[in-house]
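# Structural overview for review
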Amino acid sequence: MSRKPFIAGNWKMHNTVEESVNLIEGLKAAKNKNNADIMVAPSFTSLNAVVKASAGTGFKVAAQDCYYEDKGAFTSQVSPVQVKGTGATHVILGHSERRSLFGDTDEILNKKVGAALNHGLVIVFCVGETLEQRESGKTEKVIKDQLVNGLKGFGAEQLKDLVIAYEPVWAIGTGKTATPEQAQDTHKAIRAMLAEQLGKEFAAGVRILYGGSVKADNVDAIMAKEDVDGVLVGGQSLIAEKFNRIIDYN
Ligand code: PGA
């Protein structure tokens, strides 16, 4: 089955509104020769401005997280309703920084998945193991638990637009990239897990992105792998020329 490539930039806690809009202007130079879905995930503060600046480009705009309640006394939280209100259509859930620094457990993420689905946001759901877990042979068990518990209660039909991002924690922001073979092996394992959990058809169609120190000079080899359908890029998505080269991978 051919899956449409998906190239995503997670801007994390970078960029003012003005810087975000400038970055979008810079990304307009990409040719998108692979006809990929292109997604950017700015901070909440820049979402609406980025949606407006992206008009006519086809760029998908994502929040980096959202809360699971629609509204209420939850100081500082941003609801899926508010995300939608900015014009954004996508949301990243379960990024390892959310899991490790801000206490997003599988149980919380499961509620966030439900809330995002409820409001029609497309979810990019992140999974991945730490170095210690990889070295002790637990990679597949860790990821399976994240998938089973994070997506519990939702079926293939509800999750039809879901995108998975495999991001080994040891490769994020460290300059250490998984080798293309490591990425392929884990993506293949994830597809098999999803076949078991949500059915073969779902697994064959779901896009699985690799994330963790993706750069212009390693993207081609990573994207060449059969089960890698795209990339989720942090640092290098903040520099237009670099991200454009990633979008236009060979
Ligand atoms: P990085 O971040 O590309 O800077 O390693 C990836 C991510 O956290 O999504």
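Up top you'll find the structure we're talking about.
First things first, this report covers the structure right here in the doc. Please read these numbers as outputs of a predicted model, since none were measured by experiment.

Around the ligand, a shell composed of 13 residues is seen, among which Lys12, His95, Glu167, Gly173 and Ser213 lie nearest. Take Gly235: an N or O atom from its main chain is 2.9 Å from an oxygen atom of the ligand. Protein coverage of the free-state accessible area of the ligand, which is 280 Å², stands at 94%. Class assignment of the residues belonging to the shell around the ligand gives a composition of 4 nonpolar, 7 polar and 2 charged.

Sheet topology note: the strand 2 (residues 37–41)/strand 3 (residues 60–63) ladder contains 2 bridges and is parallel. Looking at strand 3, one finds that Met39 is bridged to Lys60. For the crossover from strand 2 across helix 2 (residues 47–53) to strand 3, the handedness is right-handed. Note: strand 3 against strand 4 (residues 90–93), 2 bridges, orientation parallel. Along strand 4, the bridge assignment pairs Ala62 with His90.

A few words now on the sheet that holds strand 4. Strand order in this closed barrel of 8 strands is 1-2-3-4-5-6-7-8, and the pairing throughout is parallel. Taken over all neighbouring pairs, the strand axes of this sheet differ in orientation by 25 degrees on average, direction set aside. Bridge count between strand 7 (residues 207–211) and strand 8 (residues 230–233): 3 bridges; the pairing is parallel. Among the inter-strand pairings, Leu209 is bridged to a residue of strand 8, identified as Gly230. Contacting strand 5 (122–127) and strand 6 (163–166), helix 7 (residues 139–150) crosses the sheet at an angle of about 150 degrees to strand 5.

Now for helix 11 (residues 240–247). Residues of helix 11 that are buried: Ala240, Phe243, Asn244, Ile246 and Ile247. Taken around the axis of helix 11, the buried residues stretch over an arc of 160 degrees, which confines them to a single face. Of the surrounding secondary structure, the elements contacted by the buried residues of helix 11 are strand 1 (6–10), helix 1 (17–27), strand 2, helix 10 (219–223) and strand 8.

Quick notes on the rules
- Residues numbered from 1 in each chain as written.
- Predicted model: local features only at pLDDT ≥ 70, side-chain atom pairs only at ≥ 80, totals over all residues.
- Heavy atoms only, no water.
- Near = heavy atom within 4 Å.
- Polar contact = N/O pair within 3.5 Å; in protein donor to acceptor, adjacent residues only side chain to side chain.
- Areas by Shrake-Rupley, 256 points an atom, 1.4 Å probe, with all protein chains shown as cover.
- Nonpolar A, V, L, I, M, F, W, Y, C, P; charged D, E, K, R; others polar.
- Pairing = 2+ DSSP bridges.
- Helix = DSSP H or I, 4+ residues; strand = E, 2+ residues; numbered from the N terminus.
- Right-handed = clockwise from strand over helix to strand, strands pointing away.
- Axes fitted to C-alpha atoms, helices over the stretch in contact; angles between N-to-C directions.
- Contact = heavy atoms within 4.5 Å.
- Buried < 20%, exposed > 50% of the residue type's maximum accessible area, 1.4 Å probe, protein only.
- Arc of directions from axis to C-beta.

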